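Each chain is listed here by its residues.
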Amino acid sequence: MCGICGELRFDKRQPEAATLKKMSAQMARRGPDAEGLFQDGPLAFGHRRLSIIDLSEHSRQPMLDEQLHLAMVFNGTIYNYKELRAELIELGYDFFSQGDSEVILKAYHAWGEHCVERFYGMFAFAIWNTRDHKLFLARDRFGIKPLYYTLDGASLRFASTLQALLASGGVDTSIDPVALHHHLTLHAVVPAPRTLLNGVKKLPPASHMTFKASGEVKLSPYWSLDATRPTTVLSEHDWLDATRHVLTKVVDRHRLAGDVPVGVLLSGGLDSSLIVGLLADHVSDLRTFSIGFEDIGGDAEKGDEFIYSDQIVERFNTSHHKYLIPNSEVLRRLPEAVSSMSEPMVSQDNIAFYLLAEKVSKEVKVALAGQGADEVFG
């Protein structure tokens, strides 16, 4: 997962290291493997690392390329980084690491802000030009990776979580009434750039921002969904083939990107079962994970879906882990789960994901989960 944070001063002052450490401390659970800080004049970066690609110190962050005069903090994964790396080597770039982080740095140097158009993945990153004193922030096409910021005349602060920003102090925490309206009317979603707090914004998906040390800001979108029907008529068989092709390609990208084992959160539903089926032939010891809770009123209301996940486990012979959580534990941990949310979420399965992720993290660092299949296949 990783966590990033930073501060850029516009008032000729330098960021305080203590402030960055407070922000970084709030993201310790996002990145338990390493912590790093970087400072250059008006700019400071903080990073919490979860090592997934290139586990060596060469990919430690904040990442600094002195030859290119660039420094970066990055959260996410670039799934086509190997192809981009090969292309950049042909352009004459030398690499000191084997991961995707350095590929972002080289790509930004080679193609500027247009580099994001070449990335397939989920990402939020910040790049600082130590020579020109320009800061570049970018977020992936669908906003999978979060990036919150607070901006005033004196400084910009940004972080992967709202809690990290609040830890820096001086944030206007009054309620934005327009955002509250969105939250209560649009399925509990507050569209970017707003959040429920007046003093905190989020970088919109498929967008990047450039800041100069003078305070000048430029926000630019780089992609929008082309939601149009194909010009050629496809049969039902053609649609099935195309869907399978896309699913297989996406799952392969996720499977092959990291240098650590990959698991699957298996509910037994359509989406997670599809992922297991696509992975089963390629992963010799596929680890799957399911969670369940106590039944209500005897068998009146089942608290788990093991009847479905067990069938998938048997069919594909996965290495399965089943967790049954007592209701007393759910109620005890609920406040903790709520306090971990950067924005309010009202889905009833949030606590289930929270407790399941806690268990799974002790077994694997990367787990695939199906989200959105109801809408796509409905």
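Structure: above.
Residues numbered from 1 in each chain as written. Predicted model: local features only at pLDDT ≥ 70, side-chain atom pairs only at ≥ 80, totals over all residues. Heavy atoms only, no water.

J.: Even after reading the chapter, I still don't get the overall build of the chain, so can you show me in this structure?
T.: The number of helices and strands found in the chain is 11 helices and 16 strands. Scaling as 2.2 N^0.38, a compact globule of 378 residues should have a C-alpha radius of gyration of about 21 Å, and the chain matches this with 22 Å. Counting the 378 residues in the chain, one finds 47% classified as buried. When contacts within the chain are restricted to residue pairs at least 6 apart in sequence, those whose partners lie at least 24 apart make up 62%. (Helix = DSSP H or I, 4+ residues; strand = E, 2+ residues; numbered from the N terminus. Rg over C-alpha atoms; globule rule 2.2 N^0.38 Å. Buried < 20%, exposed > 50% of the residue type's maximum accessible area, 1.4 Å probe, protein only. Contact = heavy atoms within 4.5 Å.)

J.: Honestly, the sheet that holds strand E9 (residues 155–159) in this entry has me stumped. Any pointers?
T.: The strands making up a sheet associate through hydrogen bonds between their backbones, and the pairing can be parallel or antiparallel. Reading across from one edge, E2-E3-E1-E9-E8-E10 is the order of the six strands in this open sheet, with antiparallel pairing throughout. Edge positions in the sheet fall to strand E2 (34–40) and strand E10 (201–202), since each has one partner strand and no second. Bridge analysis of E2 against strand E3 (residues 43–49) gives seven bridges, and the strand direction is antiparallel. Within the sheet, the bridge partner assigned to Gly36 lies in E3 and is His47. Along the sheet, helix H1 (residues 17–25) contacts strand E1 (3–9), E2, E3 and E9; its crossing angle with E1, the most-contacted strand, is approximately 155°. (Pairing = 2+ DSSP bridges. Axes fitted to C-alpha atoms, helices over the stretch in contact; angles between N-to-C directions.)

J.: Just to check I follow, could you spell out the sheet that holds strand E13 (residues 262–265) for this structure?
T.: Read from one edge to the other, the open sheet built from four strands follows the order E15-E14-E13-E16, with strand pairing classed as parallel. Looking at strand neighbours, the two that pair on one side only are strand E15 (319–325) and strand E16 (366–368), the edges of this open sheet. Strand after strand, the sheet turns through a mean of 30° between neighbouring axes, direction not considered. Looking at chain direction, E13 and strand E14 (residues 287–293) are connected through three bridges and run parallel. Within E14, the position partnered with Val264 by the bridge is Thr288.

J.: Can you walk me through the packing of aromatic side chains in this structure?
T.: Centre distance and the angle of the planes are the two values used to describe a pair of aromatic rings. Overall, the coordinates contain eight aromatic pairs when judged by the stated rule. Residues Phe38 and Phe45 carry aromatic rings whose centres are separated by 6.3 Å and whose planes lie at 35° to one another, so their mutual orientation is tilted. We classify Phe38 as buried; its relative accessible area is 17%. Relative accessible area serves as the criterion here: at 1%, Phe45 is assigned to the buried category. An aromatic cluster of at least three residues, connected via ring pairs, comprises Tyr108, Phe119, Phe123, Phe125 and Phe136. We note Lys106 situated over the ring of Phe95; from NZ or CZ to the ring centre the distance is 5.3 Å. The ring of Phe306 is capped by Lys322, whose NZ or CZ atom sits 5.0 Å from the centre of that ring. (Phe/Tyr/Trp six-rings, centres within 6.5 Å; stacked < 30°, edge-to-face > 60°. Lys NZ or Arg CZ within 6 Å of the ring centre and 35° of its normal.)

J.: Any chance you could explain the packing of helix H9 (residues 327–339) against helix H10 (residues 350–360) here in plain terms?
T.: In a pair of packed helices, the angle between the axes and the distance between the axes together describe the arrangement. At a minimum axis separation of 10 Å, H9 and H10 run at an interaxial angle of 95°. Relative to H10, H9 is oriented roughly perpendicular. Side by side, H9 and H10 meet where Val330, Arg333, Leu334, Glu336 and Ala337 of the first sit next to Ile351, Tyr354, Leu355 and Glu358 of the second. Of the residues in the contact of H9 with H10, the class split is six nonpolar, no polar and three charged. (Parallel < 35°, antiparallel > 145°, perpendicular 65-115°, else oblique. Nonpolar A, V, L, I, M, F, W, Y, C, P; charged D, E, K, R; others polar.)

J.: I tried to follow helix H3 (residues 100–111) on my own but got confused; where do I start?
T.: Each full turn of the α-helix corresponds to 3.6 residues, which orients residues three or four apart in the same direction. Under the 1.5 Å per step criterion, the end-to-end length of H3 is 16 Å for 12 residues, consistent within 8% with the ideal 16 Å. Restricting attention to buried positions, one finds in H3 the residues Asp100, Ser101, Glu102, Val103, Ile104, Leu105, Lys106, Ala107, Tyr108 and Trp111. Where H3 is buried, its residues meet strand E4 (63–65), strand E5 (70–78), helix H2 (81–90), strand E6 (121–129) and strand E7 (134–139). Of the residues one or two after H3, Gly112 is the one with positive phi, at around 65°. (Expected span 1.5 Å × (residues − 1).)

J.: Could you clarify how one ought to interpret H1 in this entry?
T.: The complete set of buried residues in H1 reads Thr19, Leu20, Met23 and Ser24. The buried residues of H1 occupy an angular sector of 135° when the element is viewed end-on, so they sit on one face. Close packing links the buried residues of H1 with E1, E2, E3, E9 and helix H4 (162–167). (Arc of directions from axis to C-beta.)

J.: I keep staring at the nonpolar core and nothing clicks. Help me out?
T.: Buried together is how nonpolar side chains tend to be arranged in soluble globular proteins. Counting 47 residues, the largest nonpolar core has Ile78, Ile104, Val116, Phe119, Phe123, Phe125 and Ile127 as the members making the most contacts within it. It is H3 that provides the largest number of residues to this core, a total of six residues. When near neighbours in sequence (up to four residues on either side) are disregarded, Phe125 contacts Ile4, Val73, Phe74, Ile104, Val116, Phe119, Phe136, Leu137 and Ala138. In terms of nonpolar packing, the next biggest core, distinct from the first, is built from 20 residues, Phe45, Ala126, Leu135 and Phe158 among them. (Core = buried A, V, L, I, M, F, W, Y, C linked by side-chain atoms within 4.5 Å.)

J.: I would appreciate a short explanation of the pattern of salt bridges in the present structure.
T.: Any two side chains of opposite charge can pair, given that their charged atoms come close. Throughout the structure, instances matching the rule amount to 20 salt bridges. A salt bridge links Lys365 to Asp33; the shortest N-O distance between them is 2.6 Å. One end of the pair, Lys365, is in the loop between H10 and E16; the other, Asp33, is in the loop between H1 and E2, and 332 residues separate them in sequence. Among the ionic pairs, Asp65 bridges to Lys106, the shortest N-O distance being 2.5 Å. (Salt bridge = Lys/Arg side-chain N within 4 Å of Asp/Glu carboxyl O.)

J.: Can you walk me through the packing of H2 against H3 in this structure?
T.: It is the contact of H2 with H3, at a shortest axis distance of 10 Å, that shows an interaxial angle of 50°. On the basis of the axis angle, H2 is oblique to H3. In this structure, H2 crosses over H3, and the sense of that crossing is left-handed. In this structure, H2 uses Tyr81, Leu84, Arg85, Glu87 and Leu88 to contact H3, whose residues at the interface are Asp100, Val103, Lys106, Ala107, Ala110 and Trp111. For the contact of H2 with H3, the class distribution of residues is seven nonpolar, no polar and four charged. (Left-handed = near helix turned anticlockwise from the far one by under 90°.)

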